[in-house]
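Chains, contacts and geometry: an overview
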Amino acid sequence: MKNSFIGRSFLTLRDFSPEEIKYLLTIAKKAKIDAKKGKNLRRFEGKSLALLFEKRSTRTRCAFETAFGEEGGHPVFLSTQDIQLGGKESLEDTARVLGRMFSAIQFRGFKQETAEILSKYSGVPVYNGLTDLFHPTQALADIFTMQESFGNVAGRTLCYTGDGRNNVARSLMIICSKLGVNFTVITPPELNPDDELRQICAPLAKASGAVITVTADIASVKNADALYTDVWISMGEEDKRDERVRLLSPYQVNQTLMDKTGNPDCIFLHCLPAVKGEEVTADVIDGPQSKAWDQAENRKWTIKAVMLATLCKGN
Ligand code: CP
Ligand code: NVA
């Protein structure tokens, strides 16, 4: 397994087997332990990372920059204000040039296709730091955080309530299907995950034993081990605010909903940033059941794992 990742991009969790995903989680755990012990292994020394951002970011940018820089790598932040990205110069040409100068590229933006083109033409690993379709490094950190609470996650139940068709919900559906985690999407029918994704996940879930459910019934939080929500309005969808508030207000995570799980050990998860008072109330996200802050920190260790696996022989 160790060197089978070298040179690969991380664009969607679809491209990685359950064993490969588990391997990344193992590297992340070790990276976190090593860092807490103060070990600095300088594994990215002599390497450089281009950080391309079309959309804003706090956690993803900081996780990539600190994880890479602290071990001697050189991260370079490039927003669309700074570089050509399908503007004056074609995306393919930008990719070719970046591939000559950088060891790897992180892309956060709108189209999944942009990440795919960057990967195809740069010849170096490209990491998807969020697109309209997927947020794979987030889902990795989410499962890592569940592992910290529960140990083995297979057979556990993760309920996601909110916008069921967004990048976070979609990546969670894939990773849960692969790892045998029961995944319940609780969302109004207008925001159901699309059929294509559900068809992709069905055989994966069958193989792992995961039960994937899509429902509008908020009472389906019953017996959840983890309750997850995300913003009602994702980046780039700001014009949908009125509609989303109308559709999603009944799906807010508040203490009453946490209690409806019937599980006092149920944890609360949120990818952040959170709009307190909309998708989640402050008492829940800042309360004792919340793992949102561990989850944010875990972005760093899981992102480091992806970079170690794809850039460093023997990791
Ligand atoms: N969760 C997440 O991706 O956060 P940022 O948008 O701050 O990177
Ligand atoms: N669904 C959100 C996730 C932010 C990390 C968005 O795309 O804005």
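Throughout what follows, the structure given in this document is the object of discussion. Not measured: the values here are computed from a predicted model.

A few words on the overall build of the protein chain. The number of helices and strands found in the protein chain is 11 helices and nine strands. Against the 2.2 N^0.38 benchmark of 20 Å for 315 residues, the protein chain shows a C-alpha radius of gyration of 19 Å, consistent with a compact globule. Relative to its 315 residues, the protein chain shows a buried fraction of 55%. Accessible surface, the protein chain as shown: approximately 13200 Å² in total, 49% of it carbon and sulfur. Between the centroid of the 41 positive side chains of the protein chain and the centroid of its 39 negative side chains there is a distance of 7 Å.

A word on the site of ligand 1. Neighbouring ligand 1 are the residues Ser-57, Thr-58, Arg-59, Thr-60, Arg-108, His-135, Gln-138, Cys-271, Leu-272 and Arg-299. Side-chain polar atom of Arg-108 to an oxygen atom of ligand 1: 2.8 Å apart, as the coordinates give it. One of the side-chain N or O atoms of His-135 is found 2.8 Å from an oxygen atom in ligand 1. A total of 250 Å² of accessible area belongs to ligand 1 in isolation, and the protein chains cover 96% of it. Of the residues that constitute the shell around ligand 1, the class distribution is two nonpolar, five polar and three charged.

Along the chain, the position of Gln-289 falls in the loop between α10 (282–285) and α11 (292–311). Of the residues examined, Gln-289 reaches a relative accessible area of 17% and is grouped as buried. When near neighbours in sequence (up to four residues on either side) are disregarded, Gln-289 contacts Gln-255, Met-258, Asn-263, Pro-264, Cys-266, Ile-267 and Phe-268. A polar contact is formed between the side chain of Gln-289 and the side chain of Gln-255, at a distance of 3.2 Å.

Each neighbour pair has its own omega, and for Leu-272 with Pro-273 the value is 5°, a cis peptide bond. Its location among the elements puts Pro-273 in the loop between β9 (267–270) and α10. We note that Asn-223 has phi near 75°; this positive angle belongs to a residue other than glycine. Mapping Asn-223 onto the fold places it in the loop between β7 (212–215) and β8 (226–229). For Leu-272, which is not glycine, the phi dihedral falls at a positive 65°. Within the secondary structure, Leu-272 is located in the loop between β9 and α10.

Of all hydrophobic cores here, the largest spans 58 residues; its most connected members are Tyr-127, Ile-143, Met-146, Leu-158, Ile-175 and Met-307. Excluding anything up to four places from it in sequence, Ile-175 contacts Leu-13, Ile-21, Ala-139, Leu-140 and Ile-143. By size, the runner-up hydrophobic cluster in this structure holds 22 residues, among which are Leu-191, Tyr-251, Leu-272 and Val-280.

The next thing to look at is the sheet that holds strand β4 (residues 126–128). Through backbone hydrogen bonds, the strands of a sheet pair up, either in parallel or in antiparallel fashion. Taken in spatial order, the four strands line up as β2-β1-β3-β4 in an open sheet, and their pairing is parallel. Single-partner strands in this sheet number two, and they are β2 (74–79) and β4. Across the sheet, the axes of successive neighbouring strands diverge by a mean angle of 20°, strand direction being ignored. In the sheet, strand β1 (residues 48–53) pairs with β2 via six bridges, with the strands oriented parallel. Bridge assignment links Ser-48 to a residue of β2, and that residue is His-74.

Calculation notes
Each chain carries its own residue numbering, running from 1 in the written order of its sequence. Naming scheme: in the order in which they are written, chains are lettered from A and ligands are numbered from 1. Only residues with pLDDT of 70 or above have their local features reported here, since the model is predicted, and side-chain atom pairs are shown and tallied only from 80 upward, although totals for entire chains, interfaces and linings are computed over all residues. Side-chain metrics rest on all non-hydrogen atoms present in the structure, leaving aside hydrogens and water. Each helix is a run of DSSP H or I of at least 4 residues and each strand a run of E of at least 2, with the numbering of both proceeding from the N terminus. As defined in this context, the radius of gyration uses C-alpha atoms, and a globule is described by 2.2 Å times the residue total to the power 0.38. Think of it in three bands: residues with accessible area under 20% of the maximum for their type are buried, residues over 50% are exposed, and the middle band is partly exposed, with areas taken using a 1.4 Å probe on protein chains only. Using a 1.4 Å probe, accessible areas were evaluated by the Shrake-Rupley method; residue-level cover was limited to the displayed protein chains. Only four residue types enter the tally: Lys and Arg on the positive side, Asp and Glu on the negative side; His and the chain ends are excluded. To locate a charge, take atom NZ for lysine, CZ for arginine, CG for aspartate or CD for glutamate. One heavy atom within 4 Å of a molecule or strand is enough for the residue carrying it to be called near that molecule or strand. Polar contact criterion, stated in full: a pair of N or O atoms within 3.5 Å, where within protein one must be able to donate a hydrogen and the other to accept it, and residues adjacent in sequence count only if both atoms are side-chain atoms. Following the grouping adopted for this structure description, the nonpolar residues are Ala, Val, Leu, Ile, Met, Phe, Trp, Tyr, Cys and Pro, the charged ones are Asp, Glu, Lys and Arg, and the polar ones are all others, Gly among them. Contact between two residues is taken to exist if any of their heavy atoms lie within 4.5 Å; hydrogens are not considered. What is meant by a nonpolar core is a set of buried Ala, Val, Leu, Ile, Met, Phe, Trp, Tyr and Cys residues, joined one to another through side-chain atoms within 4.5 Å. For two strands to be treated as a pair, DSSP must find no fewer than two bridges joining them. Comment: axis = line fitted to C-alpha atoms, over the contacting stretch for helices; angle = value between 0 and 180 degrees taken between N-to-C directions.

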